Every structure is written in structure tokens, then in C-alpha cells.
Amino acid sequence: MRPFCAALSPALLLIPLAANLLAADAHPRVIGWERFYSPANSDNVAAGELLLGELNCTSCHQADAALQSRIQRKQAPVLDTVTSRVQPQYLLKFLADPQATKPGTTMPNVLAGWPEAERVPIATAIVHFLATTGVVTRTNPMRQQVNRGEVLFHTIGCVACHGERKDPAAAPLATSIPLGTPSRKYTLPGMTKFLENPLAVRPGGRMPHLNLAPADARDIASFLLNDLDVASGLQYAYYEGSWDKLPDFSKLTPKEVGDAENFDLKIAKRKDNFALRFDGTIKLEKDGDYRFLIGSDDGSRLWIDDKIVLDNDGIHPYEQKRKAMKMKAGLHTFAVEYFEKGGGEELAVDFEGPGTTQQPLASIVTAPATARGTTPAAEEFVIDPELVAKGKEYFTSLGCASCHDLKQGGGQKIASKLEAPALASLKGTGGCLAEMPGKTPFFALNPRQVETLAAALAAAKSPAKAPLAAADSVTRALIRFNCLACHARGELGGVEEARNPHFQSDMPEMGDEGRIPPSLTGVGAKLTPEWLKTVFDQGAKDRPYMFTRMPKFGSQNVGELITTLEQADAALIQNVAKLNLDPADKKTKAAGRRLVGGQGFSCIKCHTFADKRSTGIQALSLTTMTKRLRPEWFHHYLMNPLAYRPGTRMPTPFPNGQTTLPDVLDGTPPTQIAAIWSFLTDGDKAPLPSGLVTGQLEIVVLNEAVIYRNFIEGAGSRAIGVGYPEKLNLAFDANNDRLALLWQGAFIDAAKHWTGRGQGYQGPLGDNILKLPDGVSFAALADTQADWPKTPAKESGYQFRGYYLTGPARQPVFMYSFGGVAVEDHPVPVGEGDVYALQRKLTLTTDKPAGNLWFRAATAGQIEDTGKGVFKIDGKWTLTVAGTGKPEIRQKGQAELLVPVVFTGNKAEIQITYDW
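Presented here is a report on the structure given in the accompanying data block.

## Here we look at the overall build of the protein
Moving on, step 1. Along its length, the protein carries 28 helices and 32 strands.
Moving on, step 2. Seen along its three principal axes, the alpha-carbon backbone of the protein occupies a region of about 115 × 80 × 50 Å.
Moving on, step 3. Here the protein, with 916 residues, has 50% of them falling under the buried criterion.
Moving on, step 4. Restricting the contact set of the protein to residue pairs at least 6 apart, pairs at least 24 apart contribute 66%.
Moving on, step 5. By element, 53% of the accessible surface of the protein is carried by carbon and sulfur atoms, the whole surface being about 41,700 Å².

## Overview of the pairing of strand 16 (residues 716-723)
Moving on, step 1. Pairing geometry for strand 15 (residues 706-712) and strand 16, over six bridges, is antiparallel. What sits directly across from isoleucine 712, in strand 16, is glycine 716.
Moving on, step 2. Pairing of strand 16 with strand 17 (residues 728-733) involves five bridges; the strand directions are antiparallel. Paired with glycine 723 across the bridge in strand 17 is asparagine 729.

## Some points on the packing of helix 20 (residues 529-538) against helix 22 (residues 560-568)
Moving on, step 1. For the pair helix 20 and helix 22, the least separation of the axes is 9 Å and the interaxial angle reads 140°. As judged from the angle between their axes, helix 20 and helix 22 are oblique. The crossing of helix 20 and helix 22 is right-handed. In contact with Pro529, Leu532, Lys533 and Phe536 of helix 20, helix 22 contributes Leu561, Ile562, Leu565 and Glu566.

## Quick look at unusual backbone geometry
Moving on, step 1. For the peptide bond that leads from aspartate 297 to aspartate 298, omega is 10°, which places it in the cis range.
Moving on, step 2. Its place among the elements puts aspartate 298 in the loop between strand 4 (288-297) and strand 5 (300-304).
Moving on, step 3. Despite not being glycine, lysine 868 has its phi angle at roughly 55°, a positive value.
Moving on, step 4. Tracing the chain through its elements places lysine 868 in the loop between strand 27 (863-867) and strand 28 (870-873).
Moving on, step 5. Classification of lysine 868 as exposed rests on a relative accessible area of 86%.
Moving on, step 6. Of note in this structure, aspartate 874 is not a glycine but carries a positive phi near 55°.
Moving on, step 7. Within the secondary structure, aspartate 874 sits in the loop between strand 28 and strand 29 (877-882).

## Focus on the environment of histidine 332
Moving on, step 1. Within the element layout of this structure, histidine 332 appears in strand 8 (residues 330-340).
Moving on, step 2. A relative accessible area of 9% places histidine 332 in the buried class.
Moving on, step 3. Ignoring anything within four residues of it in the chain, the contact list for histidine 332 reads Gly280, Thr281, Ile282, Leu284, Ile304, Asp305 and Met327.
Moving on, step 4. A distance of 2.7 Å separates the side chain of histidine 332 from the side chain of aspartate 305, its partner in a polar contact.

## Topic: the sheet that holds strand 7 (residues 319-327)
Moving on, step 1. The sheet built from four strands is open, its strands ordered 7-4-9-10 with antiparallel pairing. Edge positions in the open sheet fall to strand 7 and strand 10 (356-360), since each of these has one partner strand only. Averaged over all adjacent pairs, the angle separating strand axes in this sheet is 15°, with direction ignored.
Moving on, step 2. As paired strands, strand 9 (residues 346-353) and strand 10 are joined by three bridges and run antiparallel to one another. What sits directly across from aspartate 350, in strand 10, is proline 360.

## Details of the environment of alanine 584
Moving on, step 1. Tracing the chain through its elements places alanine 584 in the loop between helix 22 and helix 23 (586-596).
Moving on, step 2. The exposed category is assigned to alanine 584, whose relative accessible area is 55%.
Moving on, step 3. Separated by 144 residues in the primary sequence, alanine 584 and threonine 440 place their C-alpha atoms 67 Å from one another.
Moving on, step 4. Not counting residues within four places of it along the chain, the set of residues in contact with alanine 584 comprises Lys589 and Ser678.

## Concerning the nonpolar core
Moving on, step 1. Ranked by internal contacts, the top residues of the largest apolar core, which has 77 residues, are Leu52, Leu561, Phe609, Phe634 and Leu680.
Moving on, step 2. In terms of residue count, helix 27 (residues 669-680) provides more of this core than any other element does, six residues in total.
Moving on, step 3. With near-sequence residues (within four places) excluded, leucine 561 lies in contact with Val474, Ala477, Leu478, Phe536 and Glu566.
Moving on, step 4. Listed in part, the 51 residues of the second largest apolar core include Phe778, Trp788, Ala793 and Tyr816.

## What about the sheet that holds strand 21 (residues 778-780)?
Moving on, step 1. Spatially, four strands are ordered 21-26-31-30 in an open sheet, and the strand pairing comes out antiparallel. The outermost strands of the open sheet, each flanked by one partner alone, are strand 21 and strand 30 (888-891). Geometrically, the sheet is characterised by an average inter-axis angle of 40° between neighbouring strands, direction not taken into account.
Moving on, step 2. Pairing between strand 30 and strand 31 (residues 895-900): four bridges, direction antiparallel.

## As for helix 8 (residues 116-130)
Moving on, step 1. In this model helix 8 runs 22 Å from its N-terminal to its C-terminal C-alpha over 15 residues, within 8% of the 21 Å that 1.5 Å per residue would give.
Moving on, step 2. Taking burial as the measure, the 15 residues of helix 8 include eleven buried ones, the bulk of the element.
Moving on, step 3. Considered for burial, the residues of helix 8 that qualify are Arg119, Val120, Ile122, Ala123, Thr124, Ala125, Ile126, Val127, His128, Phe129 and Leu130.

## Details of the pattern of salt bridges
Moving on, step 1. This model, assessed by the stated rule, comprises 46 salt bridges.
Moving on, step 2. Here arginine 549 makes a salt bridge to aspartate 216, at a shortest N to O gap of 3.5 Å. Of this pair, arginine 549 sits in the loop between helix 20 and helix 21 (555-558) while aspartate 216 sits in helix 13 (residues 214-224), and the two are 333 residues apart along the sequence.
Moving on, step 3. By relative accessible area, arginine 549 is classed as partly exposed at 22%.

## Topic: helix 17 (residues 470-480)
Moving on, step 1. Most of helix 17 is tucked away: eight of the eleven residues are buried.
Moving on, step 2. Restricting attention to buried positions, one finds in helix 17 the residues Ala470, Ser473, Val474, Arg476, Ala477, Leu478, Ile479 and Arg480.
Moving on, step 3. Buried residues along helix 17 sit against helix 3 (31-37), helix 4 (44-54), helix 5 (65-71), strand 12 (488-489) and helix 22.
Moving on, step 4. At the exit of helix 17 stands asparagine 482, carrying a positive phi of roughly 60°.

About the criteria used
- Residues numbered from 1 in each chain as written.
- Predicted model: local features only at pLDDT ≥ 70, side-chain atom pairs only at ≥ 80, totals over all residues.
- Heavy atoms only, no water.
- Helix = DSSP H or I, 4+ residues; strand = E, 2+ residues; numbered from the N terminus.
- Buried < 20%, exposed > 50% of the residue type's maximum accessible area, 1.4 Å probe, protein only.
- Contact = heavy atoms within 4.5 Å.
- Areas by Shrake-Rupley, 256 points an atom, 1.4 Å probe, with all protein chains shown as cover.
- Pairing = 2+ DSSP bridges.
- Axes fitted to C-alpha atoms, helices over the stretch in contact; angles between N-to-C directions.
- Parallel < 35°, antiparallel > 145°, perpendicular 65-115°, else oblique.
- Left-handed = near helix turned anticlockwise from the far one by under 90°.
- Polar contact = N/O pair within 3.5 Å; in protein donor to acceptor, adjacent residues only side chain to side chain.
- Core = buried A, V, L, I, M, F, W, Y, C linked by side-chain atoms within 4.5 Å.
- Expected span 1.5 Å × (residues − 1).
- Salt bridge = Lys/Arg side-chain N within 4 Å of Asp/Glu carboxyl O.

Here's what the structure looks like:
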């Protein structure tokens with residue numbers, strides 16, 4: 001057994017400490033301290049207490065609860081699986097001299113006072129012990145991943161704490177956490193895993209969780225490790241020629257070869273008569289059932305492990321082939337072949353597998369495991385059991401276990417054997433504060449850090465420490481977690497000038513509002529406690545136009561801000577007078593819908609609505625407002641946006657406190673704001689406001705009903721869509737002679753049927769879609785327990801007889817017949833203002849009236865009779881029946897509402913009102 005990795009000689013580890021002690025960047029780099037406390041005129045006690053927490057002093061030195069609450073120590077990294085991500089060779093150097101290996105680290109040199117000849121064997125033994133926690137795996141970063149990672153690193157917020165890395169020669173800012181050369185420490189799989197969930201390893205939250213997708217984490221890790229050999233994961237070869245089938249590529253000479261990021265046909269230099277072959281390696285994470293898909297116009301073929309999996313050859317319009325197959329986890333070679341003769345050119349290659357929804361195959365392309373470049377491979381680290389035992393003893397006796405969690409078999413945490421004096425008994429000199437190494441851990445503190453720590457230690461001796469005021473507590477937390485690198489609060493913090501260019505947006509017309517994270521001034525009076533907790537625990541992406549991401553820190557780290565922000569900003573919470581207004585009233589919500597729409601204040605011109613894009617800039621979604629904001633803040637902000645956010649582009653709908661729409665409700669701003677709030681409380685389920693064009697060719701209904709006959713999803717291939725000026729719409733199924741769908745808002749998007757070949761079913765464009773019963777609408781039943789017939793309408797003798805238009809609004813009346821009965825079905829919106837329901841009058845005539853004829857009005861999970869012919873359907877909408885006998889509710893696997901058809905002479909009428 002080798003006592004340490006042969007790739008590192010003891011001489012390399014014996015770095016003279018004195019050579020690094022006076023380096024400008026050797027002292028512990030704590031961003032908040034550097035930016036706000038390093039000047040001599042700052043609060044020394046607050047500065048020192050920040051360092052007490054960030055240097056983890058109370059992990060060794062016991063402090064009372066009051067002081068612990070003021071400093072909130074930064075928990076050291078969890079070491080349970082440390083050598084599955086960190087290379088043992090790096091750990092050897094780091095433990096021998098942390099400051100030399102990573103200048104700016106907050107990790108002390110616990111071996112600083114040991115003779116140099118003893119430091120290496122001790123560090124080696126500890127590393128052998130830590131090496132039992134995992135096995136390092138290595139892969140090379142790929143060029144396209146490096147390129148994507150560079151963009152992500154410099155746009156999503158990494159530069160807020162770490163500074164930019166585009167210019168290797170540029171000196172890092174003093175307010176940046178140095179990254180050094182990450183390839184000396186991490187492997188690509190190890191760093192990727194860490195970036196996916198930093199809180200699992202560093203639960204203290206100073207490195208927050210950016211909600212990176214696995215592919216994004218891999219890309220950023222690839223960029224940070226781009227000094228390793230960069231491999232090509234996907235290569236292409238481009239050919240020109242005319243073929244009717246896929247050629248034998250082995251016999252062709254390509255016009256061009258290179259690296260590709262995906263199966264992008266833009267590589268081709270012409271539109272027609274070309275071919276491409278892509279070669280690469282994919283990595284499957286699990287054994288199991290997979291499905292591979294390839295679609296193309298013209299021909300294509302997918303090979304996996306040198307076998308044809310999918311053959312989609314020939315000249316044809318876009319066509320997709322699929323194949324399910326069992327696959328083993330691991331690396332698999334593949335090739336995609338494609339040729340284009342003429343016409344359209346399309347290629348899509350996807351897969352889905354265990355726990356994975358359908359996604360592009362290019363997303364799992366990886367560098368082959370055998371890739372080798374010019375960088376020498378690190379020699380394998382071989383664990384020595386004798387050194388493992390010694391390393392564990394050192395880990396406990398030197399105090400490593402005081403700071404770091406490390407669980408062994410059985411899940412039991414290793415306990416520290418180090419005994420250290422209580423914090424209140426420490427002096428402001430010597431010990432860990434010493435200028436030169438001694439028997440205590442050595443931090444390489446600079447004189448200003450020693451000064452502030454001494455002040456905090458002196459304050460710790462005070463018998464009674466007053467609790468921090470809420471405002472002070474907020475400030476300390478924002479400094480501690482570096483929130484002020486992105487956000488300003490009052491005169492404190494904000495984006496530093498050197499980092500400003502890296503805060504970007506895809507909405508440049510929004511100016512700084514679109515790219516700089518919002519001010520935290522008054523945020524405790526703005527955001528609800530529930531939303532703050534959501535943001536702290538989950539992060540947020542409410543501003544999709546802003547590239548910088550709001551990460552999650554975890555309530556266990558920043559949860560105190562939920563309370564302290566509210567307390568600090570309590571004076572800014574201005575009450576709103578109560579109104580005699582029912583927020584659940586349909587008229588109130590309808591007015592709110594109008595106010596935010598194109599015929600009101602046109603909020604939708606700038607704000608998205610649920611998943612629908614606005615017609616202008618894509619500002620925060622309106623449907624998130626009532627989740628995020630306090631209603632009092634919302635009210636006062638709408639009255640005067642500039643008072644709350646100077647320079648905002650948000651115009652006031654109430655100039656000089658007056659509404660510009662006096663005809664809505666009572667014409668007062670408080671009532672109209674309350675109506676908007678009421679409407680928005682329905683969130684993503686709220687009906688779309690008018691004017692929010694979501695289709696490419698939206699059919700807009702103005703003064704009379706509009707008929708649209710085509711394939712409508714949910715209403716069949718002979719569907720008749722009707723849009724009414726009242727913003728109610730329906731679809732009649734002429735194949736089965738039934739009213740199939742009702743919906744509100746926008747009518748329909750004709751783009752699918754009016755462009756290209758016009759194939760496929762088009763769904764309703766609006767919202768609040770109500771699906772009515774399938775099957776025939778009328779049936780003669782032997783008794784009320786007889787099953788409703790399942791025979792299709794045509795086979796049951798139903799015949800569609802067209803429709804005619806009636807009234808000034810030219811509303812259609814549908815006509816059909818069955819079994820000698822003629823039916824006229826006349827739906828019409830009823831109501832006033834912006835509140836409408838759909839009333840439907842069914843008129844039946846026959847020469848031979850039947851006494852056992854029923855109309856099936858509704859099917860649902862639950863139907864409740866509320867009296868006077870009104871029925872509650874699934875607790876969501878109501879159906880009212882009039883003009884006939886008493887309906888019956890029955891259970892036949894599901895609830896059914898049957899309405900008897902009562903003839904007077906040879907005529908019967910049923911009136912149904914749908915209110916939803």
C-alpha cells in the first residue's frame with residue numbers, strides 16, 4: 001500500500017507558510033465583511049460578530065443562546081461523500097496549507113503549529129480516512145457544454161458572488177469569493193452534482209441553490225473546469241448530393257465536419273440535396289424501458305451501439321417512427337443519419353425513459369469515457385487501512401468533527417474530542433487571532449479582521465446583550481447571505497459597478513427594471529409572509545425576462561427574515577378602507593376582468609397572464625399578484641406607482657387620484673382596485689381578459705355571432721363553433737347532434753386550419769372550458785334505472801338537419817331529428833354588463849309523443865339538487881332546468897342528471913341555463 005498518492009511528492013506539500021501569510025488575498029474572504037465592515041469607521045462589534053459566524057468560531061467555542069442568535073454560524077461543508085466530488089490529491093494539499101492552496105478560504109490551517117515534517121503525514125492520514133466516503137469518477141467537459149456554461153455563469157447570477165471569469169488575467173474584486181482553479185479540486189461529475197444541490201453539501205446557505213437543471217449544472221461545471229482536456233461529444237459530417245434514399249456514408253467524402261450542439265439542420269449550406277450524419281455517445285442513468293423517436297422530412301435513421309434502431313428512410317413529409325426497448329445504464333454510442341431531397345427539412349430525435357419525460361436525445365450526449373487529451377491523468381488513489389484509522393483519530397482530536405458533519409456506517413455522526421474554552425473567556429489577542437501560526441488553528445486574519453473580532457469578543461463578555469432591533473436583524477441577514485450583491489435596501493447594497501454589465505434581460509426596453517433585481521426597501525410591507533417563505537424555500541422565477549435568478553436559501557437559514565422584515569417595515573403597511581363590495585360577486589370579478597383587459601386599463605399590454613404572453617413587454621404575470629403581494633400594498637401602489645418605485649415605467653391608472661373609466665362600477669379608484677384584486681385572486685384559473693391575443697389568427701367576435709365549421713378538439717370532425725359578442729362560445733358536434741363544449745373569453749385560433757394543409761383538431765382559444773356529456777342527448781328508457789344507450793347517434797337514427805340564424809345578432813338555431821322527433825336547439829347568452837350565462841331552449845315536436853323520453857343534461861362526479869330547479873355540478877358550476885317535469889339525479893358509475901321530456905300535444909320545451 002502507498003501511504004499517499006504518488007502523483008504528489010511530500011516536497012510539493014511542504015509549502016513554507018511564511019511565504020503566504022502576507023499575501024493580500026490570504027485572509028479569509030467574507031463578502032459582507034469586505035464590502036460593509038472593512039472600513040475603520042464601521043460598526044466593529046457587528047463586523048466581528050459577522051466573522052464569528054462566518055468563521056464558524058462557535059463550533060469549538062461555546063457561546064450563549066443570545067450571541068448564537070446574533071451571529072448565525074455558517075455550517076462547514078458536510079463530508080459524508082466528500083471524495084465522490086473532491087479529488088484526494090487536492091485534499092492533501094489543502095489540508096497541509098489551506099491558505100496557500102485556496103487564498104481567501106475561511107477554513108483555518110489546523111496544522112499550522114506542527115513541524116513541517118509532521119504536517120504531511122497527518123494530512124495524508126486524514127485524507128485516507130476521508131477517501132472512504134466515496135470514489136472519484138472522471139469525465140471530460142465537452143466544448144458545447146463549456147460554451148453554454150460560460151453564458152450561464154455570466155448571466156444567471158454566479159458573478160454576484162464570484163466575479164466574472166472571462167478574463168483570466170483580471171484581478172478579482174475584493175468582494176468576490178475566489179474560485180481559484182476548480183479543476184484541481186473537482187471532477188466534472190463531482191462539481192455537477194454539487195451545483196445541482198449545493199445545500200445538501202453546504203447547508204448553511206451561503207452558496208444558495210440556483211434551481212439548476214442537471215444539464216445546466218453540467219454546463220456550468222464544464223465551463224469552470226475548461227482547463228481540462230475538452231472533448232467533443234457530438235460530431236457532424238455534412239455532404240452534398242441528390243439521393244432518393246439514405247446514402248452509404250462510408251463511401252462518401254464529407255464537405256465539412258465539426259462539433260455540433262444538437263441535431264440542427266442549419267449546419268447545412270443549402271436548403272435541398274444534402275445529407276448529414278451525427279455521431280456521439282449518450283449516457284443512460286438507469287436500467288429500464290426506454291423509447292426512442294425519430295421524425296424527419298425527408299429520410300432519417302437512428303443507430304445505437306452499431307445497430308439500426310429506427311429506420312425512417314425515403315422521401316416523405318414529416319413522419320415519425322418510434323421504438324420501445326430495454327436498455328442498460330451506462331454509455332452507448334449512436335449515430336443519426338439524415339438526407340433532404342426537396343421541400344421542407346425537419347429532423348427531431350427524442351427519447352424517454354425511467355423517470356424521464358420525452359426530451360431531445362442531444363440532452364444526454366456525453367464525452368466518451370475513453371477521451372484522452374494532453375493533460376496527464378491523475379494517478380489512482382489507493383486507500384491504506386492503517387492510515388484510515390490514524391486519520392479518523394486525527395479528525396476527532398484536531399477538531400475537524402467540531403465543524404464538519406461526517407456520518408459513518410449506521411448514520412452516526414463522528415464526535416469531536418477537541419475541548420476549547422468558552423467564547424466569553426477568550427481574549428482579543430493570541431490564539432486563533434495570532435498573526436503567526438501557533439498551536440491553535442491559523443486563519444491568516446488581517447489586522448482589521450483581528451480588530452473587529454476583538455471588539456465582538458469584548459462585547460460577548462457583557463452580562464446582558466439587548467436583542468437586535470428588527471431593522472438591524474434584517475440588515476445583518478442581508479449582509480450575511482450577500483443578498484445586497486443583487487438587491488438594495490435603502491442606501492445599502494445594490495449591484496456593484498464592475499458587475500453591472502452581467503445583469504441582463506431579454507427585454508432591453510424595460511431598462512434597469514428588467515435586468516436589476518428589485519429593491520428590498522419596504523419589502524416587508526409588500527410581500528406576504530407566505531410568499532417570502534415560498535421564495536426562501538423554492539427560489540423564484542417571477543421575472544422570466546430577467547436572466548439573474550432568485551435562488552433558494554432555505555427557511556432554516558433565512559427564515560428569520562419572514563418575521564423581521566414584516567416588523568421592520570410595519571410602519572409602511574397602510575390600511576385600506578373597507579368597502580361594501582362582495583369580492584366573490586360575479587359582477588365584481590367581471591368588472592376586474594374588464595379593467596385589466598384591452599378595454600380597461602390595458603394591464604395585459606405589458607403583463608403576462610398565466611402562461612399567455614402579453615402583447616408588449618413580458619412583465620410579471622398578473623395571476624401571481626395576489627399570491628405575492630399584500631392587498632394594502634397593491635392598492636396604494638396602483639394609486640401612485642412612482643411613489644413606491646421611482647423611475648418605474650408602470651403608469652398610474654388613477655392620475656391625480658381619479659379613474660379614467662368612470663363608467664365601471666361606482667367609478668371610484670378604491671372600488672375598481674378591489675375589483676381587479678378580486679378577479680386576480682382566481683390566479684391561473686381566471687378567465688382571460690379581453691384583448692389578450694393568444695392565437696396566430698384569432699377570430700374576434702364583434703357585434704354578431706360568428707360561425708366556424710371545422711375540426712374542433714372535444715367536438716369532433718363535424719364541429720360547428722359559435723362565438724358570441726358576449727364572450728361566450730360553444731361547439732356543436734354535428735356528428736352526434738349534441739352541444740359538446742362551452743367556454744369563455746377568446747373564441748378560436750384559425751391558424752391551424754387556414755395555413756399549410758389545415759390538418760388536425762383546434763382547441764378553444766379561451767378559458768373556463770365546460771365539457772358536456774358525450775353520446776346521444778335523448779333516449780327512451782324503460783325506467784329511470786335503465787342504462788343510457790351507448791349506440792352512436794347515427795346508428796340510433798339521429799340526423800343533423802343544419803341550422804338557421806335568428807335575431808339581430810344572427811344567433812344559430814341547430815336542427816336535428818331522431819325517431820320521428822324534430823329538435824330545435826337554440827343557445828343564447830343571457831345577462832348584463834360583463835356577466836353572462838348561456839341559456840339553451842330545446843323545442844321538440846312529433847306526431848307520436850312518447851311518455852318515457854329523457855334528456856341527459858349533465859354527467860359528473862357529484863350533482864347536488866339545491867332546490868327550485870338549480871343543480872350544483874361538481875361544486876364548480878350550476879345548471880338550471882325549467883319548463884318541464886322534475887329532473888332526477890341517479891348514480892350509474894357517475895352521477896347523471898336526467899330531465900323528463902313532457903309533451904303538451906305534440907310539442908315539448910326544455911330550458912337549460914349553464915352558469916360557470
